[in-house]
Amino acid sequence: MNTTATASVLPVPMPGADAAEHRVQELLRANEELKQLNARLSDAQDKLMQSEKMASIGQLAAGVAHEINNPIGFIFSNFGTLERYLDDLFEMLAAYEEAESALAGSPVAARLKALREKIELDFLKEDIPTLMTESKDGITRVRNIVQNLKDFSRVDTSQKWVLADLHHGIDSTLNIVNNEIKYKAEVVKDYGQLPDIECLPSELNQVFLNLLVNAAHAIRADRGTITIRTGATDTHVWVEVQDTGEGIAKENLVRIFDPFFTTKPVGQGTGLGLSLSYGIVKKHLGHIDVTSEPGAGTCFRVTLPIRHPEEA
Ligand SMILES: Nc1ncnc2c1ncn2[C@@H]1O[C@H](COP(=O)(O)OP(=O)(O)OP(=O)(O)O)[C@@H](O)[C@H]1O
Ligand SMILES: [Mg+2]
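Residues numbered from 1 in each chain as written. Chains lettered and ligands numbered in written order. Predicted model: local features only at pLDDT ≥ 70, side-chain atom pairs only at ≥ 80, totals over all residues. Heavy atoms only, no water.

Caption draft 1: Region of interest: the packing of aromatic side chains. Counted according to the given criterion, the structure contains one aromatic pair. Residues Phe 257 and Tyr 278 carry aromatic rings whose centres are separated by 5.6 Å and whose planes lie at 55° to one another, so their mutual orientation is tilted. Here Phe 257, found in the loop between helix 7 (250-253) and helix 8 (273-283), pairs with Tyr 278, found in helix 8; they are 21 residues apart in sequence, far enough to count as distant. Comparing Phe 257 with Tyr 278 shows no difference in burial state: the two are buried. Above the ring of Trp 238, the side-chain terminus of Arg 301 is found at 4.0 Å from the ring centroid. (Phe/Tyr/Trp six-rings, centres within 6.5 Å; stacked < 30°, edge-to-face > 60°. Helix = DSSP H or I, 4+ residues; strand = E, 2+ residues; numbered from the N terminus. Buried < 20%, exposed > 50% of the residue type's maximum accessible area, 1.4 Å probe, protein only. Lys NZ or Arg CZ within 6 Å of the ring centre and 35° of its normal.)

Below you can see the structure in the form of structure tokens.
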């Protein structure tokens, strides 16, 4: 402060003071550059850690999925057979019941009646089909989870890379999830110009589906807004899904891409949506970024290259 004041009063600037000021400025600039560099480094380190973590989780997931896939497969197929056998047995039982009247008065008839009451045959006939349906439902759910884990760890690599219009994919996904969204939020589309990109369209649709459903779930108030923005640079396209929902607590931000991380009640979320999406976007050599403010909302941005460089 002093130096500047003196310098401005004096007709000839003091070379020493000037040089000192210059050095201070230089140092400040260098310091600022270092700070930025440091921030970028720690950012890069975070990303690296995240991707290493996901890679090892991916391997684990692939192993688990593979192990579970087999037993679930035969349980599922045996279950179908069991259902058919049970139908046959019930039919047989009905025939026996009909024949029972012919035995009226005999000791056998009394024994049958006693047994029927003891095992509560009428109740069993009602309950067994219910149990079967519920169990089948459970097995189907396990199968879906295993499939999701497999997708996440990219076990299946049979799909074809094609040129596709992302807006088309987003719109058709919106149609599918419309039921989940329409009572919770108004959807605003702010589409830019997008070139067709080289991608696995059905997998990307799964990403959009996860982001849209998550956005709708995050809206706790009566109604909110989900904004879908798109845009492109020379080499990349990006899609943003922004909601006016409850936001994500800071300590959770680093965990949302972990498989099975969920803040939803048991039975409502498996915590696989984002980890799956992460894997799919990674496969496209893109990235997902998220910004969130608790209480105000969240924005997920998916950035994808327009051309997919051939994998070695
Ligand atoms: N838009 C969002 N706003 C607020 N929280 C979010 C949002 N998206 C994700 N989250 C948080 O991240 C967690 C993980 O999300 P993810 O989609 O992986 O699993 P899920 O939605 O809980 O379950 P699933 O997708 O398997 O049904 C969510 O439980 C939620 O806490
Ligand atoms: Mg989800």
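What follows continues from the structure just given.
Caption draft 2: Up close: the environment of Leu 212. With respect to the helices, strands and loops of the structure, Leu 212 is situated in helix 6 (residues 201-218). Separated by 100 residues in sequence, Leu 212 and Leu 112 have C-alpha atoms that sit 59 Å apart. Excluding residues that lie within four positions of it along the chain, Leu 212 makes contacts with Thr 173, Leu 174, Val 177, Ile 181, Ile 226, Ile 228 and Val 241. (Contact = heavy atoms within 4.5 Å.)

Caption draft 3: Structural view of the sheet that holds strand 6 (residues 287-293). Pairing is mixed in the open sheet, where five strands are placed in the order 2-4-5-7-6. Among the strands making up the open sheet, the edge pair consists of strand 2 (185-190) and strand 6. Pairwise comparison of adjacent strand axes, ignoring direction, gives a mean angle of 15° for this sheet. Note that strand 5 (residues 236-243) and strand 7 (residues 297-305) share eight bridges and pair antiparallel. (Pairing = 2+ DSSP bridges. Axes fitted to C-alpha atoms, helices over the stretch in contact; angles between N-to-C directions.)

Caption draft 4: Here's a closer look at the pattern of salt bridges. Going through the model one piece at a time under the given rule, you end up with eleven salt bridges. For Glu 100, the salt bridge identified is with Arg 116, shortest N-O distance 2.7 Å. Taken together, the residues span a long stretch of sequence, with Glu 100 in helix 2 (residues 15-100) and Arg 116 in helix 3 (residues 107-118) at a distance of 16 residues. Exposure remark for Glu 100: the relative accessible area of 16% places this residue in the buried category. Arg 116 gets classed as partly exposed once you look at its relative accessible area, which sits at 26%. One salt bridge connects Glu 246 with Arg 220, and the closest N-O pair in it is separated by 3.2 Å. Of this pair, Glu 246 sits in the loop between strand 5 and helix 7 while Arg 220 sits in the loop between helix 6 and strand 4 (224-232), placing them 26 residues apart in sequence. A network of salt bridges, in which partner residues are shared, links Asp 190, Arg 229, Glu 240 and Arg 301. (Salt bridge = Lys/Arg side-chain N within 4 Å of Asp/Glu carboxyl O.)

Caption draft 5: Spatial organisation of the pairing of strand 6. Bridge count between strand 6 and strand 7: seven bridges; the pairing is antiparallel. Each residue of the ladder has a partner; that of Ile 288, found in strand 7, is Val 302. The hairpin turn running from strand 6 into strand 7, its antiparallel successor, is three residues long, and Gly 295 in that turn takes a positive phi close to 90°.

Caption draft 6: Just the site of ligand 1, in detail. Surrounding ligand 1, one finds 19 residues, the nearest of these being Thr 262, Thr 263, Lys 264, Thr 270 and Leu 274. With respect to ligand 1, the backbone of Leu 272 contributes an N or O atom lying 3.0 Å from an oxygen atom. Here an oxygen atom of ligand 1 and a backbone polar atom of Gly 273 are 3.4 Å apart. The protein chains hide 91% of the 590 Å² of surface that ligand 1 would expose on its own. Among the elements that take part in the shell around ligand 1, helix 6 stands out by supplying three residues, more than any other. (Near = heavy atom within 4 Å. Polar contact = N/O pair within 3.5 Å; in protein donor to acceptor, adjacent residues only side chain to side chain. Areas by Shrake-Rupley, 256 points an atom, 1.4 Å probe, with all protein chains shown as cover.)

Caption draft 7: Here's a closer look at the domain arrangement of the chain. Each assigned domain of the chain is listed here: domain 1 (1-34), domain 2 (70-139) and domain 3 (162-305). Look at where the C-alpha atoms of domain 2 and domain 3 centre, and you get two points 47 Å apart. (Domains from an automatic or database assignment.)

Caption draft 8: Structural detail: a nonpolar patch on the surface. On the surface, a nonpolar cluster with roughly 300 Å² of combined accessible area is contributed by Leu 60, Val 64, Ile 68 and Val 142. Tallying contributions element by element places helix 2 first for the nonpolar patch, with three residues. Residue placement: Leu 60 occurs in helix 2. (Patch = residues over 30% accessible without salt bridge, like charges linked within 9 Å, V, L, I, M, F, W, Y side chains within 5 Å.)

Caption draft 9: Region of the structure containing unusual backbone geometry. The phi torsion at Phe 260 lies on the positive side, around 70°, for a residue other than glycine. Here Phe 260 lies in the loop between helix 7 and helix 8. Classification of Phe 260 by relative accessible area gives partly exposed; the value is 46%.

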